[in-house]
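# Examination of the molecular architecture
Now for the letters of each chain:
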Amino acid sequence: MEQTRLTGTLTMCRRAGRLAVGYDQVKESVQKGNACLILLAQDVSPKTAERIRHLVPPEGPPARTLPFSMDEMEQLLRKRIGVAAVTDPGFAGSLQKALGEP
């Protein structure tokens, strides 16, 4: 059930234009203060994950690993994605709940 909710929310977020995808767009969202939640594919490279950790300040948006690989993200969102930033607080909250976090 939560997997279905997670995929539905991600899809709606992308359609609404509230998902910045790729390292460069995520970096821009974080620097502008628009990012509410950072999402990483479960098979993102350790180098990319480390770059994200250094990019996001401690008081910045939380970073969470999704239960999807980059290939699964490609099937879901029509683009191969390793990292994304949610730029809407409502979508970010729904995704965190779907991930089983408060």
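## Examining unusual backbone geometry
Its identity as a non-glycine residue notwithstanding, R78 has a phi of 65°, on the positive side. Here R78 is to be found in the loop between α4 (70-77) and β4 (83-86). Residue R78 is classed as exposed on the basis of its relative accessible area of 72%.

## What to know about helix α2 (residues 23-32)
Listing the buried residues of α2 in full gives Y23, V26, S29 and V30. End-on, the buried residues of α2 take up no more than an arc of 130°, which puts them together on one face. α2 presents D24, Q31 and K32 as exposed residues on the side facing more than 90 degrees away from its buried surface. Looking at the buried residues of α2, the elements they touch are β1 (19-21), β2 (37-40), α3 (46-55) and β4. Immediately downstream of α2, the backbone of G33 shows phi near 80°, a positive value.

Criteria and thresholds
Residues numbered from 1 in each chain as written. Predicted model: local features only at pLDDT ≥ 70, side-chain atom pairs only at ≥ 80, totals over all residues. Heavy atoms only, no water. Helix = DSSP H or I, 4+ residues; strand = E, 2+ residues; numbered from the N terminus. Buried < 20%, exposed > 50% of the residue type's maximum accessible area, 1.4 Å probe, protein only. Arc of directions from axis to C-beta. Contact = heavy atoms within 4.5 Å.

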